[in-house]
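Coordinates in review
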Protein chains: 2
Amino acid sequence: MKKKIALKDIAQHVGVSTALVSYVLNGRAEEKRVGKEIAEKIREAADTLNYRPNQIAKSLKTNRTNTVGLIVADINYRFTSGVTRAIEAEAGKNNYTVILGSSDEDHSKFAELVNVLVNRQVDGLILVPVEKSESQIEWLKKHEIPFVLIDRNFPGIQANHIAVDNFRTAYQCTQHLIKTGHKKIGFINYKTTLYHLRERDRGYFQALEDHGLKNNSKFKKEIREKHVQEDVLRSVQELVAQGCDGIFFATDIIAINGLKYINGMQLRVPEDLAIVSFDEAEAFELFYCPITHARQPLEEIGKIAVNTLMDIINHNQVNRQIYLEAGFVLGRSCGE
Amino acid sequence: MKKKIALKDIAQHVGVSTALVSYVLNGRAEEKRVGKEIAEKIREAADTLNYRPNQIAKSLKTNRTNTVGLIVADINYRFTSGVTRAIEAEAGKNNYTVILGSSDEDHSKFAELVNVLVNRQVDGLILVPVEKSESQIEWLKKHEIPFVLIDRNFPGIQANHIAVDNFRTAYQCTQHLIKTGHKKIGFINYKTTLYHLRERDRGYFQALEDHGLKNNSKFKKEIREKHVQEDVLRSVQELVAQGCDGIFFATDIIAINGLKYINGMQLRVPEDLAIVSFDEAEAFELFYCPITHARQPLEEIGKIAVNTLMDIINHNQVNRQIYLEAGFVLGRSCGE
DNA sequence: ATGAAAGCGCTAACAT
DNA sequence: ATGTTAGCGCTTTCAT
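Every value quoted in this text rests on a predicted model; they were computed, and no experiment measured them.

Here chain A is partitioned into domain 1 (7-53), domain 2 (66-164 + 298-326) and domain 3 (166-295). The C-alpha centroid of domain 2 of chain A is placed 38 Å from the C-alpha centroid of domain 1 of chain A.

Printed below as a string of structure tokens:
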């Protein structure tokens with residue numbers, strides 16, 4: 001890499017001090033009452049010498065990096081791409097850069113990433129926490145490092161967070177299956193302690209109870225995160241064998257796998273089996289029957305997350321626990 | 001954010017100089033022959049004081065950030081998630097962090113991102129260049145900033161790059177349709193000057209020619225990047241009207257849209273229409289018929305890209321133009 | 001209106 | 001074996 005042009009190079013070139021150059025190039029010429037001509041000369045020199053400010057040096061001095069760290073759970077989730085895009089856009093508006101890392105749902109990788117990002121002096125973090133990452137969150141709180149949680153949170157830890165209302169959304173999904181005349185409603189969810197997924201359980205159970213279908217709860221299946229394919233296959237087979245006429249999938253990934261096997265089993269949707277999915281997937285478009293599903297407001301989550309983080313960074317008092325309403329997309333997978 | 005512990009704090013705490021602390025904490029205690037006991041004390045102090053090295057300061061001094069910038073074309077492409085994952089993993093092994101940005105196929109956004117990343121002193125860049133980004137690439141060359149192109153390149157610009165062999169892969173895809181007995185083979189590709197997509201054209205045409213189907217070239221359709229949905233729909237309709245018995249889709253995005261409309265038109269694959277796609281999509285799994293497609297070696301591309309970049313950064317002479325072979329996944333979308 | 005200089009936290013050359 | 005110190009490129013206070 002060629003030698004870089006520094007502030008003092010252009011100061012030398014013009015024959016002024018570095019202070020003036022700094023003022024002018026930071027748009028504070030007026031404020032600092034720098035002579036018009038000098039200012040112009042400085043700008044010219046910066047241009048011809050192709051000056052690029054060294055953000056590292058600037059950061060060291062100002063103690064600000066204008067960088068936020070974003071740790072997602074898995075880069076393949078629909079949630080991730082949508083929310084990442086929104087976060088990058090909103091961060092850009094605030095003149096911030098996003099450093100992205102993926103924990104792949106692994107808490108040690110999560111801890112490692114937090115570490116790396118904090119060492120790199122990010123001004124704040126936007127986190128999708130994973131199982132067993134409570135101690136990391138506590139650590140961030142203790143050290144007063146600005147952060148906001150999205151998608152997930154821990155009921156025992158008070159922190160700023162933005163997410164969809166999982167309970168309510170799951171309730172609606174289940175209720176939709178009930179209202180479209182289905183009597184034996186299966187539910188497939190991950191086996192996990194993650195609160196947001198437990199909330200989806202609660203929504204399912206509550207809806208059953210409120211509609212006098214409490215006995216349906218035996219149709220709830222749990223799958224292991226490391227064995228999605230085989231467990232979903234087994235679960236679908238079991239539910240069908242138990243005579244279910246509808247299935248509610250707790251996530252897009254589960255839904256995609258479920259539908260794949262339903263295809264394989266030659267079952268027709270919605271005639272043989274009604275389907276509702278929490279979250280949408282691009283893949284749904286290729287299924288012969290439009291899938292009814294809840295849609296998270298990814299744009300909004302990302303936007304609010306960034307703005308909340310900005311508030312924290314700028315030392316405004318913030319205490320936000322936001323549960324957003326999900327959209328509900330009506331397909332034909334529960335009948336017409 | 002609480003006051004940070006700095007090197008000198010722990011030096012003070014132990015009663016030694018900052019130099020010793022620096023040596024010990026960078027694992028150079030032996031090399032610098034620091035006393036065993038002192039070294040131990042320093043490590044302890046660092047631990048209890050919860051010292052986190054300030055990478056910014058380190059970078060300013062060493063002129064190295066251990067950061068690579070990755071600019072992708074669109075975060076929703078299958079190519080992106082796969083290759084990002086591979087790059088992050090490989091970069092991590094080399095003790096590097098990845099800063100990700102997405103240009104959304106927009107050259108001014110691309111330029112802006114290059115700028116931001118260079119100002120942030122990334123040690124190098126991995127780029128998926130977009131249309132009209134030639135000047136940026138030239139600029140990077142001129143300033144001897146380490147970079148490697150992936151997925152795409154410009155024939156007029158000599159640069160290190162890693163990609164799949166687009167010509168050969170497209171040739172194989174087309175040939176497969178021919179060999180499975182199809183006579184009127186449509187092809188849908190983007191209208192673009194991007195060389196890698198033009199190479200796919202060339203592969204298609206060459207295969208037709210080599211198999212005496214030169215007249216088929218009227219079945220090639222171009223779609224606009226900003227109007228994928230409507231243009232793909234129109235193209236499929238036209239090809240069907242022209243009596244095509246097979247379609248080759250030039251990208252996963254085009255394929256997903258194409259299949260969606262084929263579904264809508266009540267056409268059966270492969271009976272009414274045979275299909276081959278360049279690139280795979282998760283969505284294919286939900287289509288009733290397994291789609292035959294080429295699969296790019298994303299892992300390998302990412303890995304080689306990082307290692308090439310590391311070589312450049314470490315001043316090894318590097319001149320690599322690598323064209324990898326794609327995998328070919330046999331579905332049933334061209335018949336049994 | 002402009003300049004001199006301190007100092008951000010760290011590394012490394014040099015001194016002891 | 002350990003300490004002292006210059007300096008990375010920038011911002012900003014204080015002088016002038």
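Structure shown, so let's carry the discussion forward.
Residue and element names in this part refer to chain A. Burial in helix H7 (residues 134-142) covers these residues: Gln136, Ile137, Trp139 and Leu140. The buried side chains of H7 occupy one side of the element, clustering within an arc of 160° when seen end-on. In this fold, the buried residues of H7 make contact with helix H6 (107-119), strand S3 (124-127) and strand S4 (147-150). Trailing H7 by a residue or two, Glu144 shows a phi angle of about 55°, which is positive.

Around DNA strand C there are 27 residues in total, and Gly35(A), Lys61(A), Leu7(B), Ser22(B) and Tyr51(B) lie nearest to it. When the atoms of DNA strand C within 4 Å of the protein are grouped by moiety, sugar and phosphate amount to 67% of the total. At 2.6 Å, a backbone N or O of Gly35(A) approaches a phosphate oxygen of DNA strand C. The side chain of Ser22(B) places a nitrogen or oxygen atom 2.7 Å from a phosphate oxygen of DNA strand C. At the level of elements, helix H2 (18-25) and helix H4 (55-62) of chain A together with helix H2 (18-25) and helix H4 (55-62) of chain B are the ones that each hand at least two residues to the surface near DNA strand C. Element by element, the count of residues in the surface near DNA strand C is highest for H4(B), at four residues.

What follows concerns the nonpolar core. Leu125(A), Ile150(A), Leu125(B) and Ile150(B) are the most contacted members of the largest nonpolar core, which has 193 residues in total. A per-element tally of this core places helix H12 (residues 298-313) of chain B first, with nine residues.

Our next topic: the state of the cysteines. The tally for this structure, following the rule as stated, stands at zero disulfides over all chains. Residue Cys334(A) stays outside any disulfide, its sulfur separated by 8.4 Å from that of Cys289(A), the closest cysteine. Here Cys334(A) falls in the buried class, since its relative accessible area comes to 5%. Cys334(B) provides the cysteine sulfur closest to Cys173(B), a residue in no disulfide bond, and the two sulfurs are 9.2 Å apart.

So, on to the protein's contact with DNA strand D. Near DNA strand D, the surroundings consist of 27 residues, among which Leu7(A), Tyr23(A), Tyr51(A), Gly35(B) and Lys61(B) are the closest. In DNA strand D, atoms within 4 Å of the protein come 61% from sugar and phosphate. At a separation of 3.2 Å, a phosphate oxygen of DNA strand D approaches a polar side-chain atom of Asn26(A). The set of elements that each furnish at least two residues to the surface near DNA strand D consists of H2 and H4 of chain A together with H2 and H4 of chain B. Ranked by residue count, the leading element in the surface near DNA strand D is H4(A), at four residues. Tallied by class, the residues present in the surface near DNA strand D amount to 13 nonpolar, eight polar and six charged.

In this assembly, 53 residues from chain B lie in contact with 54 residues from chain A. Taken over both partners, the interface formed by chain B and chain A buries close to 5100 Å², and the fraction arising from carbon and sulfur atoms is 53%. At the surface where chain B touches chain A, the tally comes to six salt bridges. Residue Arg85(A) is joined to Asp104(B) by a salt bridge in which the shortest nitrogen-to-oxygen separation is 3.2 Å. Applying the counting criterion to the chain B and chain A interface returns 22 residue pairs in polar contact (both at pLDDT 80 or more). When contributions to the side of chain B that touches chain A are tallied by element, the ones reaching two or more residues are H4, helix H5 (78-93), strand S2 (97-102), helix H6 (107-119), helix H7 (134-142) and helix H11 (252-264) of chain B. Per element, the largest residue contribution to the side of chain B that touches chain A is six residues, and it comes from S2(B). Its residues placed into classes, the side of chain B that touches chain A shows 21 nonpolar, 18 polar and 14 charged.

Before going further, it helps to spend a moment on the sheet that holds strand S3 (residues 124-127) of chain B. Residue and element names in this part refer to chain B. If you trace the six strands from one edge of the open sheet to the other, you get S2-S1-S3-S4-S5-S11, paired in parallel fashion. Looking at strand neighbours, the two that pair on one side only are S2 and strand S11 (321-324), the edges of this open sheet. Across this sheet, the average inter-strand angle for adjacent strands is 15°, counted without regard to direction. With four bridges connecting them, strand S5 (residues 161-164) and S11 associate as parallel partners. The partner of Val164 across the bridge, within S11, is Leu324. Along the sheet, H7 contacts S3 and strand S4 (147-150); its crossing angle with S4, the most-contacted strand, is approximately 150°.

All right, on to the sheet that holds strand S7 (residues 220-223) of chain B then. All names here are of chain B. The strand order across the open sheet formed by six strands is S7-S6-S8-S9-S10-S12, and the pairing between neighbours is mixed. A strand with exactly one partner marks an edge of an open sheet, and here the two such strands are S7 and strand S12 (327-329). Here the strands of the sheet are splayed against their neighbours by 15° on average, with no regard to which way each runs. Looking at chain direction, strand S6 (residues 185-190) and strand S8 (residues 246-249) are connected through four bridges and run parallel. Following the sheet pairing, Gly186 is matched in S8 by Ile247. Its contacts with the sheet put helix H8 (residues 166-179) on S6, S8, strand S9 (274-278), strand S10 (292-295) and S12, and the angle it makes with S9 is roughly 170°.

In this section: the relation of the copies chain B and chain A. Structural alignment of chain B on chain A gives an RMSD of 0.1 Å, achieved by rotating through 180° and translating 0.0 Å along the axis. What the superposition gives is, in effect, a two-fold axis relating one chain to the other. Looking at the rotation axis and the C-alpha trace of chain B, the residue lying nearest is Ala283(B), at 1.8 Å. The residues that chain B uses at the interface reappear at the interface of chain A in 100% of cases, marking a shared surface.

The next point concerns the packing of aromatic side chains. Throughout the structure, instances matching the rule amount to 10 aromatic pairs over all chains. Both rings, one in Phe187(A) and one in Phe248(A), keep their centres 4.8 Å apart while their planes meet at 20°; by these two values the pair is stacked. A residue pair is termed long-range when its members are at least 10 positions apart, and Phe187(A) in strand S6 (residues 185-190) and Phe248(A) in strand S8 (residues 246-249) qualify at 61 residues. Here the aromatic residues Phe187(A), Tyr204(A), Phe205(A) and Phe248(A) are joined through ring pairs into a cluster of three or more. Cation over ring: Arg200(B) sits above Phe278(B), and NZ or CZ is 3.6 Å from the ring centre. For Arg202(B), the ring lying beneath its charged end belongs to Phe167(B), and the centroid distance is 4.0 Å.

Basis of the calculations
Residues numbered from 1 in each chain as written. Chains lettered and ligands numbered in written order. Predicted model: local features only at pLDDT ≥ 70, side-chain atom pairs only at ≥ 80, totals over all residues. Heavy atoms only, no water. Domains from an automatic or database assignment. Buried < 20%, exposed > 50% of the residue type's maximum accessible area, 1.4 Å probe, protein only. Helix = DSSP H or I, 4+ residues; strand = E, 2+ residues; numbered from the N terminus. Arc of directions from axis to C-beta. Contact = heavy atoms within 4.5 Å. Near = heavy atom within 4 Å. Polar contact = N/O pair within 3.5 Å; in protein donor to acceptor, adjacent residues only side chain to side chain. Core = buried A, V, L, I, M, F, W, Y, C linked by side-chain atoms within 4.5 Å. Disulfide = S-S within 2.5 Å. Nonpolar A, V, L, I, M, F, W, Y, C, P; charged D, E, K, R; others polar. Buried area = accessible area lost by both parts, 1.4 Å probe. Salt bridge = Lys/Arg side-chain N within 4 Å of Asp/Glu carboxyl O. Pairing = 2+ DSSP bridges. Axes fitted to C-alpha atoms, helices over the stretch in contact; angles between N-to-C directions. Least-squares fit on C-alpha atoms with pLDDT ≥ 70 in both. Phe/Tyr/Trp six-rings, centres within 6.5 Å; stacked < 30°, edge-to-face > 60°. Lys NZ or Arg CZ within 6 Å of the ring centre and 35° of its normal.

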